[in-house]
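Results of the structural survey
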Amino acid sequence: MTELEYQPISFKDVLIEMKDIAELMVDLSYSAILFENKDIAHEVLNLEESMNQLVYQARIQSILGARRVDEAESMSGMLQVAEAAERISNSASEIATIILKNVKFPAKLRQELPEAEEVTVRVKVQENSRIDGKTLGDQKLQSTTGMRVIAIRRGISWIYDPDRDTRILDGDILIAKGLDGGVIPFYQVAGIDVSDADDEPEDAVVSDLDRAVALMIEMKNQSELAVGLAYTALLFDNREVADEVLALDSRMDDMRYKLDLWILEAAKRISNVEYLRGLLYLSSFAENISNAASSIVDVIIRDIEIPPVFKRIVRESDEIITRVTVGGDSGLIGKTLKEASLGTVTGMVVLAINSNGRWKYRPGKNDVIRQGDIIIAKGRRDGECRLHRLSGRKQRDEDSECERTN
């Protein structure tokens, strides 16, 4: 156990780091399951040590930063957000621990994880490919393919959470996460013929297990959406979005009960129930993430003041959240989300669309974009700039940032 020691650092920087680490731990946990990789699981536990240090820093900062009652109330809201990130990281470390204890997951689950809304893939960089010898910053992979590299295997070593200055070499194995539409472009820039991609054999499994796995994927999707919407609600101080996060959490409880039932039914028909245990752990993981999202929006529900610094926390983290309005000259008007291909063109994941004053959360590929729609999306800074340009309307604050980064 690493000894905790206070370091002079701003509360803002602590919360940015906590948000980034928690999100990375979730991504790596699902990757460890998908690829049955204990090295990645070990890294999740290493990140948990870093999170413990940050939690300690956050608590000290909250004590030092409050001198009056109003300051204490505002600081309590910030501390609640920090504790939510800690809960997410704790859940991720629990998943890593059970992986290291050889708890099994159904093969069907590993086959279906790539069908989640945000998929995780593994590719080997080929010699003389477009990205061989280039840095991630040079290629802007997320904003051009929609896939974000979360880890690189180089020989026997791993590079976790690589930054824009990380250079990619042929033979590197990249683990990336993003929208399904970006998988083929990502394979192509790595120099891989898509027709050579490995096809997972399909196992014959009982129908109850099929339903349980499909529901588990849905729980994964909803829990990740809940976190994105929770930060959106705080960023824009939006009670309506906060209410949706609470509704998602309530639906998550119902899904957990249904999943448990189907797993028990499946246990009657298969000989080795050990493979079902992993599903129970994973459903708890998704539920804990959703509960943490509810804890974040509780700050809004209870009308706790959100300090202005919170906007900088969300805007300066690895994955930012943005809001754009579709202008009258936008080429997006009249297109479905599938036709617009925002995920592969910008690398941004659309969380919600407000059309004529009504919110559509987790919009589908056939939802049509209309003039005046407000799009809420998450992703990297350069992808945000592309989204702004596609919207056809200048955005005051974020547009100026885009001008400086282009």
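As a starting point, this report considers the structure included with it. Residue numbers here run from 1 along each chain, matching the order of that chain's written sequence. Note on the predicted model: pLDDT of at least 70 is required for a residue's local features to be given, and 80 or more for side-chain atom pairs to be given and counted; whole-chain, interface and lining totals, by contrast, use all residues. Calculated side-chain values reflect all of the structure's heavy atoms, with hydrogen atoms and water omitted.

1. So, the overall build of the protein
Inclusion rule: Each helix is a run of DSSP H or I of at least 4 residues and each strand a run of E of at least 2, with the numbering of both proceeding from the N terminus. Remark: exposure states derive from per-residue accessible area (1.4 Å probe, protein chains only) relative to the maximum for the residue type, with buried under 20%, exposed over 50%, and partly exposed in between. For this analysis, residues touch if any pair of their heavy atoms sits within 4.5 Å. Accessible surface is estimated by sampling points in the Shrake-Rupley manner with a 1.4 Å probe; for residues, cover comes only from the protein chains shown.
Counting its regular elements, the protein contains 15 helices and eight strands. Considering the protein as a whole, with its 406 residues, one finds that 53% of them fall into the buried category. Taking the intrachain contacts of the protein between residues at least 6 apart in sequence as the baseline, contacts between residues at least 24 apart amount to 81%. In the form shown here, the protein has an accessible surface area of approximately 18,700 Å², with 46% of it arising from carbon and sulfur atoms.

2. Here we look at the nonpolar core
Across soluble globular proteins, you tend to see nonpolar side chains buried next to one another. In plain terms, the rule: In these notes, a set of buried Ala, Val, Leu, Ile, Met, Phe, Trp, Tyr and Cys residues joined through side-chain atoms within 4.5 Å is what counts as a nonpolar core.
Grouped together as the largest cluster of nonpolar side chains are 96 residues, with contacts concentrated most on Met-18, Leu-28, Leu-109, Leu-229 and Leu-282. Sort the elements by how many residues they give to this core and helix H8 (residues 207–235) lands first, with 16 residues. In this view, Met-18 contacts Met-51, Leu-54, Val-55, Ala-58, Ala-82, Ala-85 and Glu-86; residues no more than four positions away in its chain are not counted.

3. A short note on the sheet that holds strand E8 (residues 374–379)
To be explicit about the condition: By the convention used here, strands pair only if DSSP detects at least 2 bridges between them. For helices, the fitted line uses only the C-alpha atoms of the stretch in contact; every axis is such a line through C-alpha atoms, and the angle between N-to-C directions lies from 0 to 180 degrees.
Here four strands make up an open sheet; going across it, the order is E5-E8-E6-E7 and the pairing antiparallel. Either end of the sheet is taken by a strand with one partner, and the two such strands are strand E5 (320–325) and strand E7 (358–361). Direction aside, neighbouring strands of the sheet carry axes that sit 20 degrees apart on average. Where strand E6 (residues 349–355) and E7 come together, four bridges link them in antiparallel fashion. Within E7, the residue paired with Ser-355 across the bridge is Arg-358. In this fold helix H14 (residues 381–391) packs onto E5 and E8, with an angle of close to 5 degrees to the strand it touches most, E5.

4. Some details on the packing of helix H9 (residues 239–267) against helix H10 (residues 274–301)
Using the following cut-off: In these notes the angle categories are as follows: under 35 degrees is roughly parallel, over 145 is roughly antiparallel, 65 to 115 is roughly perpendicular, and the rest is oblique. Working rule for handedness: look at the near helix, and if it is turned counterclockwise from the far one by less than a right angle, call the crossing left-handed; if clockwise, right-handed.
Running from N to C, H9 and H10 point in directions that differ by 165 degrees, and their axes come no closer than 9 Å. As the angle between them shows, H9 and H10 are arranged roughly antiparallel. Of the two possible hands of crossing, H9 and H10 adopt the one that is left-handed.

5. A short note on H14
Within H14, burial applies to Gly-383, Glu-384, Cys-385, Leu-387, His-388 and Ser-391. Where H14 ends, the next residue or the one after it, Gly-392, has phi of about 75 degrees, a positive value.

6. Let's talk about unusual backbone geometry
Phi is positive for Asn-102, close to 65 degrees, though the residue is something other than glycine. With a phi close to 50 degrees, Ser-341 is a non-glycine residue in the positive phi region. Within the secondary structure, Ser-341 is located in the loop between helix H12 (337–340) and helix H13 (342–346).

7. Concerning the packing of helix H1 (residues 11–34) against H10
Our working definition: For this classification, the nonpolar set comprises Ala, Val, Leu, Ile, Met, Phe, Trp, Tyr, Cys and Pro, the charged set comprises Asp, Glu, Lys and Arg, and every other residue, Gly included, is treated as polar.
Running from N to C, H1 and H10 cross one another at 165 degrees; their axes reach a closest spacing of 13 Å. In terms of axis orientation, H1 runs roughly antiparallel to H10. For the element pair H1 and H10, the recorded crossing hand is left-handed. In this structure, H1 uses Val-26, Ser-29, Tyr-30 and Ile-33 to contact H10, whose residues at the interface are Leu-282, Phe-285, Ala-286 and Ile-289. Here the contact of H1 with H10 is composed, by residue class, of seven nonpolar, one polar and no charged.

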